[in-house]
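# Residue-level structural notes
As a plain string of letters, each chain reads:
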Amino acid sequence: MADAPRPSNFLTEIIDADVAAGRNGGRVVTRFPPEPNGHLHLGHAKSILLNFGLAARYGGRVNLRFDDTNPATEEVEFVEGIEADVRWLAGDWAALHFASDFFERMYQCAERLVLEGHAYVDSQAQEAIREQRGAFDRPGTNSPFRDRPAAESLDLFQRMRAGQFADGACVLRARIDMAHPNVIMRDPLLYRIRKAHHHRTGDTWCIYPMYDFAHPLEDAFEGVTHSICTLEFESNRELYDWVLDRLGPWDPRPRQYEFARLSLGYTVLSKRKLLQLVTEQRVDGWDDPRMPTLAGMRRRGITPEALRDFAELIGVAKNNSTVDIGKFEFAIRADLEGRCPKAMAVLDPLPLTITTWPAGKVETLELPWWPSEPERGTRPVPCSGQLLVERDDFSLDPPADWKRLAPGGSVRLAGGWVVRCDEVLRASDGTVTGLRCSHDPASLGDGAGARRGLGTIHWVDAARSVPAPVRLYDRLFTAEQPDAAPDFLAALNPASLLVAERARLEPALATAAPGDRHQFLRLGYFIADPADSRPGAPVFNRTITLRDTWSRTAAQPTQRRAARPRSDPAADATLRGRRSEARAERRAVTPALAERYLRYQRALQLAEELADLLTGDLAVAEYFDAAVKAHAGAASVARWLLNDLLGLSGETPLAQLQLSGTGFGAFVALVDAGKLTPAGGKALLADLVASGGEPAARMKALGLEKVEDAGAIAAAVERALAAQAAEAARYRAGEKKLLGVLLGAAMREARGAADAAAVRKALLERLGA
């Protein structure tokens, strides 16, 4: 079978052209250049895989280079950690380099710039230099030391190296152009004095090159052909080329290219913010499984293959955007499904006694690790008639479609028998303390459960199961873009870690070695913690649930829960499906909700998840019914109600809103008819909730009707550029990352009523891009 075609992107197109033209002698050399001042995270993973992948694709080389030019923040611990992370994710590199390997050569290059009139020593304070640089809307002013003779600057630079000046007393600057439209090119700093001990060179050096000077030289010294950077370095490319052009010739001559950095929903990747999480003990160190560090993800059980699949899934882009975390979680689940044997664990145990079980009998079942591939091996699972089942798998008052245990109801024990609940044991306060069930001895392995339409639940033997703590990790933040909040810490998820202290595992899991992965039947994917597990005493971390539980609950307004102590037994109770269970219980005692739950799925063809969310409250269901009478698009009505209206209504009951159910249906009809853009729809809905009114009339009054007229779009773009003149000038000068700012301004001028693609096209044409 032929290999599947490799995905291409704008970088592969560039390299394809270079190879075809014979540039660089057909060589392809890339590099991954981290600073050794922290731990690598998911954003670095994208860069690692891109650079290693390009080198592999073209039969080239990739270097690992540590940019150790700031001794005050660098440590050997970080070097060793980064090497381990890169090797785990991408394998070995062709060569290992440090910027400090080249300090002498860099210094000689700097002296050459001074002698050739391209650099000078500036003896001003940093504040003065910063002020003289000007801004994007005004040129800079020359330093009084800019015209220093080369001999004088060389003498001062040599004395800087000899340690004769204090930190900050003087710097070496490039002599370029203080009126340059690109502010970065206004005589940038090349060297500064930093009297700090270096982790490799000790106290040999007291001056260190700036990144923008060191970076291109390191690439050139190493023979890098394609220097791949993230988009924030786009404006720095001009200085990159300036340095190389004045210090060449180079063979090969490196070229810098930029791609969009990774921004992932419900995640922060800022090194400063990650450090804050660690230093304030919001997490348990850099390898906390909730952290987006490679060490944290490795400990959580995420594999290198899943990260590679994710990187391929999202591709390589030129424009920054936030990636839906669902894509990341999809890649994790798809990877683990094929590598995790299945076993049973009970997180919140409820005792179950099989009253018809022969006294003293212990039967051992041989159950396959891989039910669909039993030839891959089995493990013994004992049953004594005294079992533990999940508390979530029993309900005193189940809904009509309940497939688990209930008084008088039957289920199949996974891999075992059909049992019927005959008696419920309860404490004086009504709490269920145990179940007494009878079993059908002939049902073992006969498939009767499927023929009878019964559900299947997991279980363990009460006496022979193994106690083990199970850590239930979840997303660290509750907001999709925590960086956008004034205080990102306010978006921390108090339930990002719950510990099932009373969990019990089937005996075969007791021998799980650190790093072993399993799927716990019906619960999720888990790994024996590589750090805390011991022989015979595993500690399991949940990598991810079997299904996305966030999408079902995100639309519901819920009160923030206070974080509970991890060892609090109350945290063990009803760890899964609490909200869904509560809605099911309300349907069990409210026939009107139960009837709607079935009707929404059968008559309206809604997904079970939507029907569940809509029928936990009678007022919500009645409002939905009124909206559907006005507009037959039930799925659209449901999504707008759950995803937007409930959030806008806050604490106000739907029946008391100025927007009636009928009016809400009319609003959704406008959206479905293409009269509004998504942004315009959100703006109109917010207005209707606040002020009421007839949706079509308010849409026109607010000017939100979708704009398709090219003249109107062009006018909106002109207004935006006039209001953002400085930003437009900076964009035209090369600061391409400002496109998002200008596009946002143009969309606001269009009042969110124009198609974003049409506005972007008109804006780029006006900017001459």
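Residues numbered from 1 in each chain as written. Predicted model: local features only at pLDDT ≥ 70, side-chain atom pairs only at ≥ 80, totals over all residues. Heavy atoms only, no water.

Here the focus is helix α7 (residues 211–222). The terminal C-alpha atoms of α7, which comprises 12 residues, lie 16 Å apart, in line with the 16 Å expected from a rise of 1.5 Å per residue. Counting buried residues in α7 gives 10 out of 12 residues, a clear majority hidden from the surface. Here α7 has its buried residues at Phe 213, Ala 214, His 215, Pro 216, Leu 217, Glu 218, Asp 219, Ala 220, Phe 221 and Glu 222. Just downstream of α7 lies Gly 223, where phi reads positive at about 80 degrees. (Helix = DSSP H or I, 4+ residues; strand = E, 2+ residues; numbered from the N terminus. Expected span 1.5 Å × (residues − 1). Buried < 20%, exposed > 50% of the residue type's maximum accessible area, 1.4 Å probe, protein only.)

Let us now look at the packing of aromatic side chains. Scanning the model with the defined rule gives 19 aromatic pairs in all. Taking 5.6 Å as the distance between ring centres and 75 degrees as the angle between the ring planes, the aromatic pair formed by Phe 103 and Tyr 208 counts as edge-to-face. With Phe 103 in helix α4 (residues 103–115) and Tyr 208 in strand β7 (residues 207–209), the pair connects residues that are 105 residues apart, well separated along the chain. On the accessibility criterion, Phe 103 (2% relative accessible area) is buried. For Tyr 208, a relative accessible area of 0% translates into the label buried. Judged by centre distance (4.2 Å) and plane angle (15 degrees), the rings of Phe 520 and Phe 526 are stacked. The same class applies to Phe 520 as to Phe 526, namely buried. Taken together, Phe 103, Tyr 107, Phe 157, Tyr 191, Trp 205, Tyr 208 and Phe 213 form an aromatic cluster joined through their ring pairs. The lysine or arginine in question, Arg 105, covers the ring of Phe 221, its NZ or CZ lying 3.9 Å from the ring centre. (Phe/Tyr/Trp six-rings, centres within 6.5 Å; stacked < 30°, edge-to-face > 60°. Lys NZ or Arg CZ within 6 Å of the ring centre and 35° of its normal.)

Another point: unusual backbone geometry. Peptide bonds are trans in most cases, and residues, glycine excluded, mostly fall at negative phi. Each neighbour pair has its own omega, and for Gly 248 with Pro 249 the value is 5 degrees, a cis peptide bond. Relative to the helices and strands, Pro 249 is located in the loop between α8 (237–247) and β9 (255–259). At the junction of Asp 251 and Pro 252, the peptide bond is cis and its omega measures out at 5 degrees in the coordinates. Tracing the backbone shows Pro 252 in the loop between α8 and β9.

Turning next to the pairing of β9. Counting buried positions along β9 gives four out of five residues, so the element sits mostly inside the fold. As paired elements, strand β8 (residues 226–230) and β9 share five bridges and run parallel to each other. Bridge pairing in β9 places Ile 228 opposite Tyr 257. For the crossover that starts at β8, traverses α8 and ends in the parallel β9, the hand is right-handed. (Pairing = 2+ DSSP bridges. Right-handed = clockwise from strand over helix to strand, strands pointing away.)

If you want to describe how two helices pack, look at the angle between their axes and the distance between the axes. Contact geometry for helix α19 (residues 634–649) and helix α20 (residues 661–672): axes closest at 10 Å, N-to-C directions at 105 degrees. Taken together, the axes of α19 and α20 are roughly perpendicular relative to one another. Of the residues in α20, those in contact with Ser 636, Val 637, Trp 640, Leu 641 and Leu 645 of α19 are Phe 664, Phe 667, Val 668, Val 671 and Asp 672. A class-by-class count of the residues in the contact of α19 with α20 yields eight nonpolar, one polar and one charged. (Axes fitted to C-alpha atoms, helices over the stretch in contact; angles between N-to-C directions. Parallel < 35°, antiparallel > 145°, perpendicular 65-115°, else oblique. Contact = heavy atoms within 4.5 Å. Nonpolar A, V, L, I, M, F, W, Y, C, P; charged D, E, K, R; others polar.)

Along the polypeptide, His 215 turns up in helix α7. Exposure remark for His 215: the relative accessible area of 4% places this residue in the buried category. Separated by 3.1 Å, the side chains of His 215 and Ser 227 make a polar contact. Excluding anything up to four places from it in sequence, His 215 contacts Arg 31, Arg 65, Ser 227, Cys 229, Tyr 240 and Gln 256. (Polar contact = N/O pair within 3.5 Å; in protein donor to acceptor, adjacent residues only side chain to side chain.)

Strand order in the open sheet formed by four strands is β4-β5-β6-β7, and the pairing between neighbours is antiparallel. Two strands in the sheet have a free side with no partner beyond their single neighbour: β4 (119–122) and β7. Sheet twist, expressed as the average angle between the axes of neighbouring strands with direction ignored, equals 20 degrees. Two elements, strand β6 (residues 189–193) and β7, share three bridges in a ladder whose sense is antiparallel.

Looking now at the sheet that holds strand β2 (residues 61–66). Taken in spatial order, the three strands line up as β1-β2-β3 in an open sheet, and their pairing is parallel. Each edge of the sheet is formed by a strand with only one pairing partner; in this case those strands are β1 (29–32) and β3 (95–98). Each strand axis lies, on average, 30 degrees off the axis of its neighbour in the sheet, ignoring direction. As defined by bridge partners, β1 adjoins β2 across four bridges and the pair is classed as parallel. Looking at β2, one finds that Val 29 is bridged to Arg 61.

It is at 9 Å that the axes of α4 and helix α6 (residues 150–161) come closest, and there the two elements cross at 160 degrees. Taken together, the axes of α4 and α6 are roughly antiparallel relative to one another. You can see that α4 and α6 cross each other, and the crossing is right-handed. Along its contact with α4, which presents Glu 104, Tyr 107, Ala 110, Glu 111, Val 114 and Leu 115, the element α6 presents Ala 150, Ser 153, Leu 154, Phe 157, Gln 158 and Arg 161. Each residue belonging to the contact of α4 with α6 can be placed in one class, and the counts come to seven nonpolar, two polar and three charged. (Left-handed = near helix turned anticlockwise from the far one by under 90°.)

Okay, the pairing of strand β19 (residues 418–426) next. Here strand β18 (residues 410–413) pairs with β19 via three bridges, running antiparallel. Looking at the pairing, Ser 410 lines up with Arg 420 of β19. Remark: four residues form the turn of the hairpin made by β18 and β19, two consecutive strands paired antiparallel; Gly 415 in that turn has positive phi of roughly 75 degrees. Judged from the eight bridges that link them, β19 and strand β20 (residues 432–440) form a sheet pairing that is antiparallel. For Val 418, the partnering residue across the bridge sits in β20 and is Asp 440. Between β19 and β20, which pair antiparallel and follow one another directly, the connecting turn spans five residues, one of which, Gly 430, has a positive phi of 95 degrees.

This paragraph deals with empty space enclosed by the protein. Using a probe with the size of a water molecule, rolled over the atoms, empty space left in the structure can be pinpointed. Throughout the structure, instances matching the rule amount to five cavities of 30 Å³ or more. In this structure, the largest cavity spans a volume of roughly 390 Å³. For the largest cavity, the lining is made up of 32 residues, of which Arg 300, Ile 325, Glu 329, Asp 474 and Arg 475 are closest to its centre. When residues of the lining of the largest cavity are traced back to their parent elements, those giving at least two are α9 (271–279), α10 (294–300), α12 (325–337) and β29 (540–544). (1 Å grid on protein atoms, 1.4 Å probe; cavity = no way out; pocket = protein on both sides within 12 Å on 5 of 7 lines; lining within 4 Å. Points joined across faces, edges and corners; volume = space filled by probe spheres on them.)

Core analysis: the largest hydrophobic core is formed by 38 residues, its most contacted members being Met 106, Phe 157, Leu 172, Tyr 191, Phe 213 and Leu 217. Every element with two or more residues in this core is listed here: α4, β4, α6, β5 (171–174), β6, β7, α7 and α8. Contact partners of Phe 157, with chain neighbours within four places excluded, come to Tyr 107, Ala 110, Glu 111, Val 121, Leu 172, Tyr 191 and Ile 207. (Core = buried A, V, L, I, M, F, W, Y, C linked by side-chain atoms within 4.5 Å.)

Turning our attention to the side chain of Asp 187. Mapping Asp 187 onto the fold places it in the loop between β5 and β6. A polar side-chain atom of Asp 187 sits 2.8 Å from the main-chain amide nitrogen of Ile 176. Look past the residues within four positions of Asp 187 in its chain and what remains in contact with it is Tyr 120, Arg 133, Arg 146, Arg 173, Ala 174, Arg 175, Ile 176, Asp 177 and Met 178.

This paragraph deals with the environment of Lys 271. Mapped onto the fold, Lys 271 is located in helix α9. In this structure, the C-alpha to C-alpha distance between Lys 271 and Leu 40, residues 231 residues apart in sequence, is 9.0 Å. Those residues in contact with Lys 271 that sit more than four places away from it in its chain are Glu 35 and Asn 37.

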